[in-house]
Amino acid sequence: MPVWQQQPLDEEGLRIELEEITSTLDAGTHARVLARLDGRAVSTGGCTIVDGFARLWGAATLEHARGRGAYRAVLAERLRVSASLGAETALVKGRTATSAPILERAGFTHYGDERGYRLGV
């Protein structure tokens with residue numbers, strides 16, 4: 001997805017990715033979701049289920065699609081799928097400028113901040 005500045009997968013990479021997604025969903029340990037606007041993929045995210053907890057990860061929305069509900073839809077579907085796989089609690093890290101306000105409106109509680117620093121070497 002262009003949000004992460006990655007190159008698209010080739011056919012072999014797609015086959016491997018689909019196999020992994022399918023097997024972990026069948027096992028009830030992971031799920032990934034995709035949101036589309038006007039038929040085009042614009043947002044995605046995943047979750048891992050461990051001991052009744054849903055760990056939400058990897059969510060991103062293309063910049064041109066932000067503010068149109070795609071991230072909220074991805075969040076809602078990850079929570080729905082997680083609950084269907086036995087999760088009772090969801091954990092997530094949200095960026096202050098993008099997803100954090102949406103997460104708070106959805107009912108998540110803020111427990112602290114994480115800081116990242118870049119060091120040139």
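Please refer to the structure higher up on the page.
For clarity, every value in this text was computed on a predicted model and none was experimentally measured.

Asks: Any chance you could explain the overall build of the protein here in plain terms?
Replies: If you tally the helices and strands in the protein, you get three helices and four strands. Secondary structure of the protein in N-to-C order comes out as α-β-β-β-α-β-α. Dimensions along the principal axes, computed over C-alpha positions, put the protein at roughly 40 × 40 × 40 Å. With 121 residues in all, the protein has 29% of them scored as buried. When contacts within the protein are restricted to residue pairs at least 6 apart in sequence, long-range pairs at least 24 apart make up 50% of them. Accessible surface, the protein: about 8900 Å² in total, of which carbon and sulfur atoms supply 52%.

Asks: When you look at the sheet that holds strand β1 (residues 30-37) in this model, what are you seeing that I'm missing?
Replies: Two modes of strand pairing occur in sheets, parallel and antiparallel, and in both the strands are linked by backbone hydrogen bonds. Pairing within the open sheet is mixed, and its four strands lie in the order β1-β2-β3-β4. Unpaired on one side and paired on the other, β1 and β4 (89-91) mark the two borders of the sheet. For this sheet, the mean inter-axis angle between neighbouring strands, taken without regard to orientation, is 25 degrees. On top of the sheet, helix α2 (residues 70-84) reaches β1, β2 (40-50), β3 (53-61) and β4; it is set at about 30 degrees to β2, its chief contact.

Asks: Just to check I follow, could you spell out the environment of Arg-72 for this structure?
Replies: You can see Arg-72 is positioned in helix α2. On the basis of relative accessibility, which here comes to 43%, the residue Arg-72 falls in the partly exposed class. In this structure the C-alpha to C-alpha distance between Arg-72 and Thr-44, which are 28 residues apart in sequence, comes to 11 Å.

Asks: Hey, could you run me through helix α1 (residues 11-27) in this one?
Replies: Across its 17 residues, α1 extends 24 Å between first and last C-alpha, which sits within 8% of the 24 Å expected from 1.5 Å per residue. Two residues or fewer after α1 comes Gly-28, characterised by a positive phi angle close to 75 degrees.

Asks: For this particular structure, what's the right way to read the nonpolar core?
Replies: Among soluble globular proteins, nonpolar side chains are generally buried collectively. Formed by Ala-31, Cys-47, Ile-49, Ala-54, Leu-56, Tyr-71, Leu-75, Val-81, Ala-87, Ile-102, Leu-103 and Phe-108, the largest nonpolar core amounts to 12 residues. At the level of secondary structure, the elements contributing two or more residues to this core comprise β2, β3, α2 and α3 (100-105). Here this core takes three residues from α2, the largest share from any one element. Residues in contact with Leu-75, not counting those within four places in the same chain, are Leu-56, Ile-102, Leu-103, Ala-106 and Phe-108. Core analysis: the next-biggest nonpolar cluster, separate from the first, contains eight residues, Leu-37, Ala-65, Ala-70 and Val-74 among them.

Asks: Is there a simple way to explain the pairing of β3 in this structure?
Replies: A regular strand places its side chains so that they alternate between the two faces of the sheet. The pairing of β2 with β3 spans seven bridges and is classified as antiparallel. For Cys-47, the partnering residue across the bridge sits in β3 and is Leu-56. The antiparallel hairpin formed by β2 and β3 contains two residues in its connecting segment, where Asp-51 sits at a positive phi of about 50 degrees. Pairing geometry for β3 and β4, over three bridges, is parallel. Directly across from Ala-54, in β4, lies its bridge partner Ala-90.

So, how was this worked out
- Residues numbered from 1 in each chain as written.
- Predicted model: local features only at pLDDT ≥ 70, side-chain atom pairs only at ≥ 80, totals over all residues.
- Heavy atoms only, no water.
- Helix = DSSP H or I, 4+ residues; strand = E, 2+ residues; numbered from the N terminus.
- Buried < 20%, exposed > 50% of the residue type's maximum accessible area, 1.4 Å probe, protein only.
- Contact = heavy atoms within 4.5 Å.
- Areas by Shrake-Rupley, 256 points an atom, 1.4 Å probe, with all protein chains shown as cover.
- Pairing = 2+ DSSP bridges.
- Axes fitted to C-alpha atoms, helices over the stretch in contact; angles between N-to-C directions.
- Expected span 1.5 Å × (residues − 1).
- Core = buried A, V, L, I, M, F, W, Y, C linked by side-chain atoms within 4.5 Å.

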